[in-house]
Amino acid sequence: SNLIPIGVLFAERLLYAPSFWAALPLGVAAATALDRTTGMARRVVRTTLVLLLGGAALASARNDFAWESDPSLWTATARRFPEEALPRLMLGELALSRGRPLEAVGQLERAIDGFPDTQPLKARAWARYAEALRATFESLSPADRELLRTSLHIGVVAHESRAEFHRGDFLIRN
C-alpha cells in the first residue's frame, strides 16, 4: 500500500507527520528556485515541479483504488508484497466467509507457511485452515465424503532426513 516500500504494510499511518515536515523544506526550495530564475529557466523549473507533483498525485490516486473494498485492498497488498503472510490470511478469511473454501485453503496454506511459529496470527491461520478443510469436506457429495473418509490417511513422516519417501516412511493416523 505504500508509494515507497519501507517494509511495513499500510505504512501510510506512519508517514503523515514526516511527509508534512519533508514537504515544507521542499516547498521552500521550490519557491526559492522559482524566485531565482527568470524566462526559460523559470518555465523549466515550474514544468518540472508540476510534473513531479502530478506524478505523485497520480501514484497516490492509483493506490487509493486498492482501498475500495477488503478484497481489493488485500489482493493489491498480496500482489505488492507476495511474501507477506498477513494478506494471505485475510484473503483466506474473505474466501471462507464468501463460501469458497478451496480458495481459502490455498491462501491459508501460504499464510501458515509465511508466519513464523512465534507469530500469534499463525494459530489463527491454522484455525481458519481447519474451518476451510471442514467446509470443503462438507461441500462434497455423500459418495465423495465416504470415498475420502475411507481412503485419506493423515500421517507424520517417520524418517524426515530422507530425500525421497516410500511405503513405510510414514506413521499413519486415522
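Predicted model, so just to flag it, every value in this text is computed and none were measured.

About the cut-offs
- Residues numbered from 1 in each chain as written.
- Predicted model: local features only at pLDDT ≥ 70, side-chain atom pairs only at ≥ 80, totals over all residues.
- Heavy atoms only, no water.
- Helix = DSSP H or I, 4+ residues; strand = E, 2+ residues; numbered from the N terminus.
- Buried < 20%, exposed > 50% of the residue type's maximum accessible area, 1.4 Å probe, protein only.
- Contact = heavy atoms within 4.5 Å.
- Phe/Tyr/Trp six-rings, centres within 6.5 Å; stacked < 30°, edge-to-face > 60°.
- Lys NZ or Arg CZ within 6 Å of the ring centre and 35° of its normal.
- Expected span 1.5 Å × (residues − 1).
- pLDDT = per-residue confidence, 0-100.
- Polar contact = N/O pair within 3.5 Å; in protein donor to acceptor, adjacent residues only side chain to side chain.
- Axes fitted to C-alpha atoms, helices over the stretch in contact; angles between N-to-C directions.
- Parallel < 35°, antiparallel > 145°, perpendicular 65-115°, else oblique.
- Left-handed = near helix turned anticlockwise from the far one by under 90°.
- Arc of directions from axis to C-beta.
- Core = buried A, V, L, I, M, F, W, Y, C linked by side-chain atoms within 4.5 Å.

Enquirer: Help me understand the overall build of the protein, please; the structure alone is not making it clear to me.
Expert: For the protein, the helix and strand inventory stands at seven helices and two strands. N-terminal to C-terminal, the α/β element order of the protein is α-α-α-α-α-α-α-β-β. Out of the 174 residues in the protein, the part that is buried amounts to 23%. Nonlocal contacts in the protein, meaning residues at least 24 apart in sequence, comprise 36% of its contacts between residues at least 6 apart.

Enquirer: Would you mind showing me how to read the packing of aromatic side chains here?
Expert: In this description, an aromatic ring pair is defined by two values, namely the gap between the centres and the angle between the planes. This structure, assessed with the given rule, holds one aromatic pair. Taken together, a centroid distance of 5.8 Å and an interplanar angle of 85° make the contact between W126 and Y129 edge-to-face. Remark: Y129 and W126 occur in helix α6 (residues 120-138); sequence separation between them is three residues, near one turn of the helix. Overall, Y129 belongs to the buried group, its relative accessible area being 15%. A cation over a ring is seen here: R145 above F137, with NZ or CZ 5.8 Å from the ring centre.

Enquirer: I would appreciate a short explanation of helix α5 (residues 101-114) in the present structure.
Expert: Every α-helix winds through 3.6 residues per turn, so residues three or four apart in the chain are directed the same way. Relative to the 20 Å expected for 14 residues at 1.5 Å per residue, α5 spans 20 Å between its end C-alpha atoms, a close match to the ideal helical length. On its buried side, α5 packs onto α4 (85-97) and α6.

Enquirer: Sorry, what's going on with the confidence of the model for the protein here?
Expert: Atom-level detail of predicted coordinates should not be read off regions where pLDDT is low. In the predicted model, the protein carries a mean pLDDT of 82, and 79% of its residues have values of at least 70. Within the protein, strand β2 (residues 170-173) has the poorest average pLDDT of any element, 59, and α4 the best, 96.

Enquirer: So what exactly am I meant to see when it comes to the environment of S97 here?
Expert: Summarising the element assignment, S97 is placed in helix α4. Since its relative accessible area comes to 58%, S97 is described here as exposed. Between the C-alpha atom of S97 and that of A132, which follows or precedes it by 35 residues, the distance is 9.7 Å. Polar contacts involving the side chain of S97 include one to the main-chain carbonyl oxygen of L94, which spans 2.8 Å.

Enquirer: What's the story with the packing of α5 against α6 in this structure? I'm lost.
Expert: Taken N-terminus to C-terminus, the directions of α5 and α6 make an angle of 155°; their axes are 9 Å apart at the nearest point. Viewed along their axes, α5 and α6 adopt a mutual orientation that is roughly antiparallel. Of the two elements, α5 crosses α6, and the hand of that crossing is left-handed. Residues P101, L102, A104, V105, L108, E109, A111 and I112 of α5 form the contact with α6, whose own contacting residues are K122, A125, W126, R128, Y129, A132, L133, A135 and T136.

Enquirer: Would you mind going over helix α3 (residues 70-80) with me for this structure?
Expert: Of the positions making up α3, those classed as buried are L73, W74, T77 and A78. Looking straight down α3, one finds that the buried residues subtend no more than 125° of arc, so they occupy a single side. Looking at the buried side of α3, the elements it contacts are α4.

Enquirer: Before we go on, may I ask you to explain the nonpolar core in this structure?
Expert: Note that soluble globular proteins tend to have their nonpolar side chains buried in a common cluster. Grouped together as the largest cluster of nonpolar side chains are 13 residues, with contacts concentrated most on L89, A104, L108, F115, A125 and A132. Mapped onto this core, the elements with two or more residues apiece are α4, α5 and α6. Of all the elements, α5 adds the most residues to this core, at five residues. Not counting the four nearest positions on each side in its chain, A132 is found in contact with L96, P101, A104, V105 and L108. W74, A78, M90 and L94 belong to the second largest nonpolar core, which has five residues in total.

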